[in-house]
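# Analysis of the macromolecular model
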Amino acid sequence: MLRLALANLRLYAPRFAAPALAVVVGVALLASGLLLTTAMKDALDGNVAEQYAGVDLVVQPAASLQGLDVAAVPTEELARTRATPGVAAAAGELVRSATLLDAQGDTVTPRSQGRAWIDDRELNPLRLVEGTAPEGTDQVALDRAGARAAGLQAGDTARLATPAGEVRARVVGLTAFGDQDALDDGGTISFSPDGAVAVLNSGLPGWDHLLVRTDGDPDAVRRTLSTELPRSLEVLTGEEFRRLQQEQSAGLVELLRPALNGFAYLALFVAGFVIFNTFTVVVSQRLRELALVRAVGGTPGQVRRSLLAEGLVVGVVSGAVDIAAGALLAVGITALIGLF
């Protein structure tokens, strides 16, 4: 009966093309969606872990104040944090939208972010690949891709759109994040700490977070900071902060995954009808053949198992093909996203 099932598969191969294609399309869409979103989540988690790898503690507005206009770490708390025993280095993190403009005033990097430069090498996720770090309020460092897109290099003057309005600053360096051009998806523009406070803050001045590196027991330093800092601020461990950042960055993936999987489930639903109808037609056309098998001694169970074997072979072969197709589709979707 097994040889009969395999022979029937060869004989009726064209008729099984439709269910095989249905399986390939449905499962390939599902596989590509899962592969793509999992890869995106792993990449985002890895970026967060690399960005804050040297951070032991983080000072931020208390959870009850986050999302309010008053949710900022006052600038004067940075000096107090640096003076705390056990603190080896501390830096303010400030991130706001800032874009490069061309000579006509049009935006060159529409999704770029402005950041306060961090002097401590272990706390700073960026590295200089050319030039020097920005100083004062009239210097910036650009990521490699942003500088290339704007046709700028070290020594040139850049036009910038910031929360404080349009400003001009001299480009003194080019930066990179690991093996990537920029820390932020649309590009990274680095200001000196004083420059960032001057041009990136709109409304209430202050830092988004204070990043702290300790040279002793982080738990002891955390207790000291929690006692000395205002009650409107809270102190998190580096691990707690990284986990919160990863959860926030995964929000996009969690929104994207149901959308991608929805198309896959729809394709699988349609594939189920295609498979059922195709096998129904094939079996109906083979009634005389199946009757002959019964006439020469085949039992109803053997006939049923031969048909199940045919379906199993179609599913296994199609499944192997659709996993490969799904991986290729995921690569294609990733490339398409990159174009945008």
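To start, this report covers the structure provided alongside it.

Conventions we followed
Residues numbered from 1 in each chain as written. Predicted model: local features only at pLDDT ≥ 70, side-chain atom pairs only at ≥ 80, totals over all residues. Heavy atoms only, no water. Helix = DSSP H or I, 4+ residues; strand = E, 2+ residues; numbered from the N terminus. Rg over C-alpha atoms; globule rule 2.2 N^0.38 Å. Contact = heavy atoms within 4.5 Å. Areas by Shrake-Rupley, 256 points an atom, 1.4 Å probe, with all protein chains shown as cover. Lys, Arg positive; Asp, Glu negative; His and termini not counted. Charge placed at Lys NZ, Arg CZ, Asp CG, Glu CD. Salt bridge = Lys/Arg side-chain N within 4 Å of Asp/Glu carboxyl O. Buried < 20%, exposed > 50% of the residue type's maximum accessible area, 1.4 Å probe, protein only. Phe/Tyr/Trp six-rings, centres within 6.5 Å; stacked < 30°, edge-to-face > 60°. Core = buried A, V, L, I, M, F, W, Y, C linked by side-chain atoms within 4.5 Å. Patch = residues over 30% accessible without salt bridge, like charges linked within 9 Å, V, L, I, M, F, W, Y side chains within 5 Å. Pairing = 2+ DSSP bridges. Axes fitted to C-alpha atoms, helices over the stretch in contact; angles between N-to-C directions.

## Description of the overall build of the protein chain
- In terms of helices and strands, the protein chain carries nine helices and 12 strands.
- Here the C-alpha atoms of the protein chain give a radius of gyration of 30 Å, more than 25% beyond the 20 Å that 2.2 N^0.38 yields for 340 residues.
- At a minimum sequence separation of 6, the contacts of the protein chain that also span at least 24 residues come to 80%.
- Carbon and sulfur atoms make up 60% of the accessible area of the protein chain, which totals about 17,800 Å².
- Charged side chains of the protein chain number 28 positive and 37 negative; the gap between the two group centres comes to 15 Å.

## Observations concerning the pattern of salt bridges
- Under the defined criterion, the tally for this structure stands at 12 salt bridges.
- E77 is the partner of R80 in a salt bridge, and the nearest nitrogen-oxygen pair spans 3.5 Å. Placement of both R80 and E77 in helix α3 (residues 76-82) is noted, with a separation of three residues, approximately one turn of the helix.
- On the accessibility criterion, R80 (39% relative accessible area) is partly exposed.
- We classify E77 as buried; its relative accessible area is 5%.
- The residue R115 makes a salt bridge to D184 at a minimum N-O spacing of 3.0 Å. Taken together, the residues span a long stretch of sequence, with R115 in strand β5 (residues 113-116) and D184 in the loop between β9 (165-176) and β10 (188-191) at a distance of 69 residues. Residues R115 and D184 agree in their burial class; the two are buried.

## Description of the packing of aromatic side chains
- All told, the structure shown has two aromatic pairs when counted by the stated rule.
- Aromatic side chains Y52 and F241 sit 5.0 Å apart centroid to centroid with 90 degrees between the ring planes, which places their arrangement in the edge-to-face category. In this pair, Y52 is assigned in the loop between α2 (13-51) and β1 (57-61) and F241 in helix α7 (residues 238-285), connecting sequence segments 189 residues apart. Both residues of the pair, Y52 and F241, count as buried.
- Residues F269 and F273 carry aromatic rings whose centres are separated by 5.1 Å and whose planes lie at 80 degrees to one another, so their mutual orientation is edge-to-face. Here F269 pairs with F273, and both are found in helix α7, just four residues apart, close to one helical turn.
- Using a relative accessible area of 54% as the deciding quantity, one classes F269 as exposed.
- The exposure class of F273 is partly exposed, given its relative accessible area of 46%.

## Observations regarding the side chain of H209
- By secondary structure assignment, the location of H209 is in strand β11 (residues 209-214).
- Take H209: its relative accessible area is 15%, and that puts it in the buried class.
- The residues contacting H209, other than those within four sequence positions of it, are V58, V59, Q60, V73, A91, G92, E93 and F241.

## Comments concerning the environment of I333
- Inspection of the secondary structure puts I333 in helix α9 (residues 300-339).
- Residue I333 is classed as partly exposed on the basis of its relative accessible area, which comes to 22%.
- The spatial distance from the C-alpha of I333 to the C-alpha of P19 is 25 Å, given a sequence separation of 314 residues.
- Ignoring any residue separated from it by four or fewer positions in sequence, one finds I333 in contact with S32 and L36.

## Some points on the environment of T237
- Within the secondary structure, T237 is located in strand β12 (residues 233-237).
- Between the C-alpha atom of T237 and that of G165, which follows or precedes it by 72 residues, the distance is 36 Å.
- Apart from the residues within four sequence positions on either side, T237 is in contact with D56, L57 and R222.

## What about the nonpolar core?
- V59, V140, L142, L160, I189 and F191 are the most contacted members of the largest nonpolar core, which totals 33 residues.
- Of all the elements, β9 adds the most residues to this core, at four residues.
- Setting aside its immediate chain neighbours within four residues, V59 contacts V73, H209, L210, V212, L225, L229, L233, E234 and V235.
- Counting residues in each nonpolar core, the second largest holds 11 residues, with Y52, L123, L236 and F241 among its members.

## Brief notes about a nonpolar patch on the surface
- A cluster of nonpolar side chains, contributed by L266, F269, V270 and F273, occupies part of the molecular surface with about 420 Å² of accessible area.
- Position of L266 among the secondary structure elements: in helix α7.

## Brief notes about the sheet that holds strand β2 (residues 87-93)
- Read across the open sheet, the four strands follow the order β2-β11-β1-β12; overall the sheet is antiparallel. Lying at the two open borders of the sheet, with one neighbouring strand each, are β2 and β12. Strand-to-strand twist of the sheet, defined as the mean angle between neighbouring strand axes without regard to direction, takes the value 20 degrees.
- Pairing geometry for β1 and β11, over three bridges, is antiparallel. Bridged to L57 within β11 is V212.

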